[in-house]
Amino acid sequence: MALRMDGEWHVGDGPDDLDAFLEEIGAEGYDVHEIRHSACGQCGAGVFGVSGDPVEGTMRRTCRQCEAEHFVAGSGEYWSEDDVQVMVCVCEEEGFDVAVGYSLYPNGKGIRSLATAERCVACGKIGSFTRWMVRGGEMELLDLA
């Protein structure tokens, strides 16, 4: 597996390529120290539909196998139906591998910021739906990818 460029898009062969992408883009200008891949809490599947408000920093993933919904990194607290966007790949598919990259404070006692990464399972194109600052000690967000 290798992250590569195809025109203006990053492309990967599998979910592990999301790690290199997140390390390259960072999280709101900071290095990524921890990366967690999303898996459905109900059925364990790893392909999701993605929606949310990329400007406000909210993201919900919906399992393509069982339809279970999960708000990424506690973003449900800030969720509003007003400006929800659905992520659609340029190839018009809506199924993605999802990972979250976290930037930690130097003392390791808090999350500074995070960024999401999504790889289209149909064509392999990779993007980042949203990023946001956390600026707190909410280390439990590491387990909410």
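That block above? That's the structure.
Before going into details, it helps to say that this report is about the structure given with it. (Residues numbered from 1 in each chain as written. Predicted model: local features only at pLDDT ≥ 70, side-chain atom pairs only at ≥ 80, totals over all residues. Heavy atoms only, no water.)

Structural notes on the pattern of salt bridges
Applying the stated criterion to the full structure yields 6 salt bridges. The residue glutamate 34 makes a salt bridge to arginine 36 at a minimum N-O spacing of 3.3 Å. Judged by relative accessible area, which is 27%, glutamate 34 ranks as partly exposed. Its salt-bridge partner being arginine 64, residue glutamate 94 comes within 3.8 Å of it at the nearest N-O pair. Of the two residues, glutamate 94 sits in the loop between β7 (85-86) and β8 (96-104) while arginine 64 sits in the loop between β5 (58-63) and β6 (69-71), which places them 30 residues apart along the sequence. When its relative accessible area of 33% is taken as the criterion, glutamate 94 is described as partly exposed. (Salt bridge = Lys/Arg side-chain N within 4 Å of Asp/Glu carboxyl O. Buried < 20%, exposed > 50% of the residue type's maximum accessible area, 1.4 Å probe, protein only. Helix = DSSP H or I, 4+ residues; strand = E, 2+ residues; numbered from the N terminus.)

A closer look at the pairing of strand β9 (residues 111-120)
Along β9, 10 of the 10 residues are buried, which leaves the element largely enclosed by surrounding structure. Bridge count for β8 against β9 is 9 bridges, and the pairing is antiparallel. Across the sheet, residue serine 103 finds its bridge partner in β9, namely serine 113. Where β8 folds back on β9, the antiparallel hairpin that results is connected by 6 residues, among which glycine 108 adopts a positive phi of roughly 70°. Strand direction decides the pairing type here: β9 and strand β10 (residues 125-127), joined by 2 bridges, are antiparallel. Of the residues in β10, the one forming a bridge with glutamate 118 is glycine 127. The hairpin formed by β9 and β10 contains 4 residues between the paired strands, and glycine 124 there has a positive phi angle of roughly 85°. (Pairing = 2+ DSSP bridges.)

A look at the nonpolar core
Core analysis: the largest hydrophobic core is formed by 25 residues, its most contacted members being Val50, Phe96, Tyr102, Ile111 and Leu114. Secondary structure elements with two or more residues in this core: β4 (48-53), β5, β8, β9 and β11 (131-136). If you tally residues by element for this core, the top one is β8, at 5 residues. Dropping the residues within four chain positions of it, valine 50 is found in contact with Met59, Arg60, Gln85, Val86, Met87, Phe96, Val98, Glu118 and Phe129. Ranked by size, the runner-up nonpolar core spans 10 residues in total, among them Leu18, Val32, Ile35 and Ala117. (Core = buried A, V, L, I, M, F, W, Y, C linked by side-chain atoms within 4.5 Å. Contact = heavy atoms within 4.5 Å.)

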